[in-house]
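Next come the chains, spelled out residue by residue.
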Amino acid sequence: MQYMFYEAPILPDEIFDPDNVSALVDVFLIGDDFAGDPVGYAFRDNQWHLVEIDHTRPEKLDFGSWPDIFAFIEDRFLSSEVDRGQNADLI
């Protein structure tokens, strides 16, 4: 799986059209999967949550179970490689 983390957080209006940005007013994007599905932080319930956004439905945020970006990386990249017996020394 390929993934890119941006040099700095960006606002959703740099990626999404104006019709979809209104639902993402409290979101900062930090990366994407090269297929248009970004990951970012949303401020909800007086705290920041790591979220994934489906580019076909940006108004619906996927609040993962990750407490931080490190858990997201381990979940998305490292655990699958260890399961396949690759890069076990990375964990």
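Residue numbers restart at each chain and count upward from 1, following the sequence in its written direction. Local features are withheld for residues below a pLDDT of 70 in this predicted model, meaning they are given only at 70 or higher, and side-chain atom pairs are given and counted only at 80 or more; totals for whole chains, interfaces and linings count all residues. Where side-chain values are given, they derive from all heavy atoms of the structure, hydrogens and water being excluded.

Undergrad: Mind showing me how you'd approach the pattern of salt bridges here?
TA: Opposite charge on two side chains lets them pair, provided their charged atoms get close. A pairing counts as a salt bridge when a side-chain nitrogen of Lys or Arg comes within 4 Å of a carboxyl oxygen of Asp or Glu. The full count for this structure, using the stated rule, is four salt bridges. Across the pair Arg44 and Asp26 runs a salt bridge, and its minimum N-O distance is 2.6 Å. One end of the pair, Arg44, is in strand 3 (residues 38–44); the other, Asp26, is in the loop between helix 1 (18–21) and strand 2 (27–32), with 18 residues separating them in the sequence. We call a residue buried when its accessible area falls under 20% of the maximum for its residue type, exposed when it is over 50%, and partly exposed in between, using a 1.4 Å probe and counting protein chains only. Owing to a relative accessible area of 25%, Arg44 belongs among the partly exposed residues under this scheme. For Arg57, the salt bridge is made with Glu59, and the minimal N-O distance between the two is 3.7 Å. In this text, helices come from DSSP runs of H or I with a minimum length of four residues, and strands from runs of E with a minimum of two, each type numbered from the N-terminal end.

Undergrad: Please clarify how the environment of Ala42 should be interpreted in this entry.
TA: Along the chain, the position of Ala42 falls in strand 3. Only heavy atoms enter the contact rule, under which two residues are in contact if any of them lie within 4.5 Å. If we ignore the near neighbours within four places in the chain, the residues touching Ala42 are Asp26, Val27, Gln47, Trp48, His49, Val51 and Leu61.

Undergrad: Would you mind showing me how to read a nonpolar patch on the surface here?
TA: A contiguous nonpolar surface patch, about 380 Å² in accessible area, is contributed by Leu11, Phe28, Phe43 and Trp48. Note that Leu11 resides in the loop between strand 1 (4–10) and helix 1. The patches described consist of residues with a relative accessible area above 30% and no salt bridge, like charges being joined within 9 Å and nonpolar side chains (Val, Leu, Ile, Met, Phe, Trp, Tyr) within 5 Å. Each accessible area is a Shrake-Rupley result for a 1.4 Å probe, and residues are judged covered by the shown protein chains and nothing else.

Undergrad: Even after reading the chapter, I still don't get the sheet that holds strand 1, so can you show me in this structure?
TA: In sheet architecture, strand pairing relies on hydrogen bonds along the backbone and comes in two forms, parallel and antiparallel. Spatial ordering of the open sheet is given by 1-2-3-4-5, a layout of five strands whose pairing is antiparallel. Each edge of the open sheet carries a strand with a single partner, namely strand 1 and strand 5 (61–63). On average, each strand axis in the sheet is tilted by 35 degrees relative to the strand beside it, whichever way the strands run. DSSP bridges decide pairing: two strands pair if at least two such bridges lie between them. Sheet topology note: the strand 4 (residues 47–53)/strand 5 ladder contains three bridges and is antiparallel. Angles here are taken between N-to-C directions and fall from 0 to 180 degrees, while the axes themselves are lines fitted to C-alpha atoms, restricted in helices to the stretch in contact.

Undergrad: Looking at this structure, how should I read the packing of aromatic side chains?
TA: Centre distance and the angle of the planes are the two values used to describe a pair of aromatic rings. Note on aromatic pairs: the rings of Phe, Tyr and Trp (six-membered ring only in Trp) are paired at centre separations within 6.5 Å, and the planes decide the class, stacked below 30 degrees, edge-to-face beyond 60, tilted for the rest. Scanning all chains against the criterion turns up seven aromatic pairs. Where Tyr3 meets Phe77, the ring centres are 5.5 Å apart and the plane angle is 65 degrees; that geometry is what we call edge-to-face. Highlighted residues: Tyr3 in the segment before strand 1 and Phe77 in helix 2 (residues 69–83), separated in sequence by 74 residues. Take Phe77: its relative accessible area is 15%, and that puts it in the buried class. A centroid spacing of 6.3 Å and a plane angle of 85 degrees characterise the contact between Phe72 and Phe77, whose relative ring orientation is edge-to-face. Every member of this aromatic cluster is reached through a ring pair, and the members are Tyr3, Phe5, Trp66, Phe72 and Phe77.

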